[in-house]
Amino acid sequence: MAGASSILLDRPGHEDFSEDIYRTLTVVDCAVMVIDAAKGIEGRMRKLFEICRLWDIPIVTFINKMDREAQDCFGLLDEISASLALDTAPATWPIGRAAQFVGTYDLRTRAKHFISAPLPDDDPRMVQLAEEAFAGDVVGIPNHGALRIGDTLTEGKDLRFTGVPYFAPEILRRVRLDDAMKAKKLRQALIELAEEGVVQLFRPQDGLAPIVGVVGVLQLDVLQSRLKAEYGVAIGFESTPFTMARWITGQDKAIEAFSQAQRSAMADDIDGDPVFLASSAFMLRRTVDITPDLTFHDIKQIGTQKI
């Protein structure tokens, strides 16, 4: 569309990424799903697609790396259709494959687009510096515990949001402190980093060491590195008997009774909300079936209060 502009939020799709990517999907108008022509649909991509479907986000699919050894194009379309229940309609088609790839053919306009030489690093079009920002722009703000996910900075009238989601972590690890004398410092550091969104923090109700939840294993490395560099606290991680976390809601009496009965499997998140930690998908389904007066959530909305 002439005169229109778009903001592109480029996030990694590999397994070492945080739930910030999931949150990114909740604020976009459209998603571009990039598929490796050789690997096809990968496990992490299915999770991202589920989030897009949950939020009714339109998806444009782009198959890249056609200049390498790749799967058959028709096979890729069939895989997308079968794995994601999508009706595929190609807009462009590769001209050649692997070493013979030379460009694409636009099926709508019948135009051919051939590969051009890349821009040099010193080309002025490669770098842009923003002197001011407008509504919809994404800016970075230096922050250390002052702001957290879901906070809003505004001038003028009050705002009310439907909420920014926390997604249930896929990896749970208990934090092991190497120096017991730094226990207080660790507690404060974990709170600050959890507020920043580095990890999710769960404090077991039975008083054992805190548990952190992440989506990708790289988050654990980031947490360990930042605790050492910024707080001078050395930690390690230990496995837990838990593989799944679910927030629970219901009547206060029902939650209290459930928490007492499942004390070793209950924790509080950073906001003090109760979280049930399940050892397996089977145990989670069984607990849900025998506890009809409670609701178990794999997504928690935050930032719903009036700002």
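Residues numbered from 1 in each chain as written. Predicted model: local features only at pLDDT ≥ 70, side-chain atom pairs only at ≥ 80, totals over all residues. Heavy atoms only, no water.

**A word on the pattern of salt bridges**
Scanning the model with the defined rule gives eight salt bridges in all. For Asp36, the salt bridge identified is with Lys65, shortest N-O distance 3.1 Å. Note that Asp36 is positioned in strand β1 (residues 31–36) and Lys65 in the loop between β2 (59–64) and α3 (73–84), a separation of 29 residues in sequence. On the basis of relative accessibility, which here comes to 11%, the residue Asp36 falls in the buried class. Lys65 sits in the partly exposed class, given a relative accessible area of 33%. Measuring nitrogen to oxygen at the nearest pair gives 2.8 Å for the salt bridge that ties Asp271 to Lys300. Of this pair, Asp271 sits in the loop between β12 (266–268) and β13 (274–278) while Lys300 sits in strand β15 (residues 299–302), and the two are 29 residues apart along the sequence. (Salt bridge = Lys/Arg side-chain N within 4 Å of Asp/Glu carboxyl O. Helix = DSSP H or I, 4+ residues; strand = E, 2+ residues; numbered from the N terminus. Buried < 20%, exposed > 50% of the residue type's maximum accessible area, 1.4 Å probe, protein only.)

**Brief notes about the sheet that holds β12**
Here we have eight strands laid out as an open sheet, ordered β10-β7-β9-β8-β12-β13-β11-β14, and antiparallel in their pairing. For this open sheet the edge positions go to β10 (235–239) and β14 (294–297), each flanked by a neighbour on one side alone. Neighbour to neighbour, the strand axes of the sheet diverge by 40 degrees on average, direction disregarded. In this sheet, β13 lies alongside strand β11 (residues 244–250) in antiparallel orientation, the contact comprising four bridges. Bridge pairing in β13 places Trp247 opposite Val275. Packing against the sheet, helix α4 (residues 183–196) makes contact with β7 (171–177), β8 (200–204), β9 (211–214) and β10, and its axis sits at approximately 135 degrees to β8. The sheet contacts of helix α5 (residues 218–231) involve β7, β9 and β10, and relative to β10 the element is tilted by about 150 degrees. (Pairing = 2+ DSSP bridges. Axes fitted to C-alpha atoms, helices over the stretch in contact; angles between N-to-C directions. Contact = heavy atoms within 4.5 Å.)

**Considerations on a nonpolar patch on the surface**
Taken together, Val32, Val34, Val60 and Phe62 make up a surface patch of nonpolar side chains, about 350 Å² in accessible area. When contributions to the nonpolar patch are tallied by element, the ones reaching two or more residues are β1 and β2. The topology assignment puts Val34 in strand β1. Here Val34 falls in the partly exposed class, since its relative accessible area comes to 42%. (Patch = residues over 30% accessible without salt bridge, like charges linked within 9 Å, V, L, I, M, F, W, Y side chains within 5 Å. Areas by Shrake-Rupley, 256 points an atom, 1.4 Å probe, with all protein chains shown as cover.)

**Some details on the packing of aromatic side chains**
Applying the stated criterion across every chain yields a total of four aromatic pairs. Judged by centre distance (5.1 Å) and plane angle (45 degrees), the rings of Phe74 and Trp93 are tilted. Residue Phe74 is found in helix α3, and its partner Trp93 is found in strand β3 (residues 92–95); the two are separated by 19 residues along the sequence. Between Phe258 and Phe296, the aromatic rings sit 5.9 Å apart at their centres with planes inclined by 80 degrees, giving edge-to-face as the arrangement. (Phe/Tyr/Trp six-rings, centres within 6.5 Å; stacked < 30°, edge-to-face > 60°.)

**Describing the sheet that holds strand β5 (residues 112–114)**
Pairing in this open sheet of three strands is antiparallel, and the strands run β3-β4-β5 from one edge to the other. Of all the strands in the sheet, the pair left with one neighbour each is β3 and β5. Across the sheet, the axes of successive neighbouring strands diverge by a mean angle of 25 degrees, strand direction being ignored.

**Points about the state of the cysteines**
In the structure shown here, the tally under the stated rule is zero disulfides. Not part of a disulfide, Cys30 finds its nearest cysteine sulfur in Cys52, a span of 8.7 Å. Accessibility expressed as a relative area gives 37% for Cys30, which makes it partly exposed. (Disulfide = S-S within 2.5 Å.)

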